[in-house]
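Chains, contacts and geometry: an overview
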Amino acid sequence: MSRSVSSPTLPIAHGVLRILILLNWLGGAAILALLLVMPNHQWIMAAFKLSPSPEAERLIMGMHAIALLGLGGIPLNYVVLKRLLAIVETVRKGDPFVAANASRLQTIAWAMLGLQVLSMVIGGIATAVNTPATPVKLDAGMSLNGWLAVLLTFLLARVFAEGARMRDDLKGTV
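I will try to describe carefully the structure that is included in this document. As the structure is a computational prediction, the values presented were derived from the model and not from experiment.

Reading guide: rules and limits
- Residues numbered from 1 in each chain as written.
- Predicted model: local features only at pLDDT ≥ 70, side-chain atom pairs only at ≥ 80, totals over all residues.
- Heavy atoms only, no water.
- Salt bridge = Lys/Arg side-chain N within 4 Å of Asp/Glu carboxyl O.
- Helix = DSSP H or I, 4+ residues; strand = E, 2+ residues; numbered from the N terminus.
- Phe/Tyr/Trp six-rings, centres within 6.5 Å; stacked < 30°, edge-to-face > 60°.
- Patch = residues over 30% accessible without salt bridge, like charges linked within 9 Å, V, L, I, M, F, W, Y side chains within 5 Å.
- Areas by Shrake-Rupley, 256 points an atom, 1.4 Å probe, with all protein chains shown as cover.
- Buried < 20%, exposed > 50% of the residue type's maximum accessible area, 1.4 Å probe, protein only.
- Expected span 1.5 Å × (residues − 1).
- Contact = heavy atoms within 4.5 Å.
- Axes fitted to C-alpha atoms, helices over the stretch in contact; angles between N-to-C directions.
- Parallel < 35°, antiparallel > 145°, perpendicular 65-115°, else oblique.
- Left-handed = near helix turned anticlockwise from the far one by under 90°.
- Nonpolar A, V, L, I, M, F, W, Y, C, P; charged D, E, K, R; others polar.
- Core = buried A, V, L, I, M, F, W, Y, C linked by side-chain atoms within 4.5 Å.

Brief notes about the pattern of salt bridges
Summed over the entire model, instances satisfying the criterion amount to four salt bridges. With a shortest N-O distance of 3.4 Å, E162 and R158 are connected by a salt bridge. Separated by four residues within a single helix, E162 and R158 lie in helix α5 (residues 144–173), roughly one turn from each other. Each of R158, E162 and R165 takes part in salt bridges that share partners, so that together they form one network.

Shown next as structure tokens:
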């Protein structure tokens, strides 16, 4: 009972998601390259105009930790983007209320939960190494909208599962 859906937004969504997947991997490669060829300690001190001190050491360690955690976000973002791409495909085919999409949404919700926790840890590190002399300002930490999106995605996964079940029940009665 699937019918192809023609909408100008579906090719746009497909293209945007493919670009975001590429940008996600490029961002990960940039972080990895930065970690692998991280300039030496003296260069970092000079670049940030830091004088040798315990605060400067904490800042450099915090930067390394944030970069490593940033690498952890790459596969989580990939999981979200690939599942969204698969959902867009089912919408294009006219059959979005399938069990596979409910499962995809559940996986997306778990990945988003991981991203929220990661953001809070990164925000905590930034707060810990922040000093008046070397302020660290990151867009990380607790996000009410992010947590609401996680909750909504778990709920939407349940709605899709129920919709798929009801559709299968209806097919069985016809």
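So, next bit.
Some remarks on the packing of aromatic side chains
The final tally for this structure, using the stated rule, is three aromatic pairs. Ring plane angle 50° and centroid distance 5.1 Å describe the contact between W25 and Y78, whose orientation is recorded as tilted. Of this pair, W25 sits in helix α1 (residues 9–36) while Y78 sits in helix α3 (residues 54–92), and the two are 53 residues apart along the sequence.

Remarks on a nonpolar patch on the surface
Taken together, the side chains of I12, V16, I19, L20, L22, L23 and L26 make up a nonpolar region of the molecular surface, amounting to roughly 650 Å² of accessible area. Structurally, the position occupied by V16 is in helix α1. Taking relative accessible area as the criterion, V16 reaches 43% and is therefore assigned partly exposed.

Brief notes about α5
The α-helix winds at 3.6 residues per turn, so residues separated by three or four positions along the chain end up facing the same way. When the terminal C-alpha atoms of α5 are compared, their 43 Å separation across 30 residues agrees well with the 44 Å that a helix rising 1.5 Å per residue should span. Three or more residues of α5 are buried, namely G146, V150, T153, A157, F160 and A164. Buried residues belonging to α5 abut α4 (99–129).

Section: the environment of K171
Its place among the elements puts K171 in helix α5. What makes K171 partly exposed here is its relative accessible area of 46%. Sequence separation of K171 and A47 is 124 residues, and the distance between their C-alpha atoms is 66 Å.

Description of the packing of α4 against α5
One way to put it is that α4 packs onto α5 with a least axis distance of 8 Å and a crossing angle of 170°. The angle between the axes of α4 and α5 places the two elements in the roughly antiparallel class. Note that α4 runs across α5; the crossing there is left-handed. Each residue belonging to the contact of α4 with α5 can be placed in one class, and the counts come to 19 nonpolar, five polar and no charged.

Regarding the nonpolar core
M45, L50, L59, I66 and V136 are the most contacted members of the largest nonpolar core, which has 13 residues in total. Sorting the residues of this core by element identifies α2 (41–47), α3 and α4 as the ones contributing at least two each. The residues contacting L59, other than those within four sequence positions of it, are L50, V129, T134 and V136. Of all hydrophobic cores here, the second largest spans ten residues; its members include V80, I87, A102 and V150.

Some words on the side chain of Q116
With respect to the helices and strands, Q116 occurs in helix α4. Here Q116 is in contact with S143, G146, W147 and V150, once residues within four sequence places are set aside.

Here's the deal with the packing of α3 against α4
For the pair α3 and α4, the least separation of the axes is 9 Å and the interaxial angle reads 165°. Taken together, α3 and α4 sit at an angle that is classed as roughly antiparallel. Relative to α4, the crossing made by α3 is left-handed. Residue composition of the contact of α3 with α4, by class: 22 nonpolar, nine polar and three charged.

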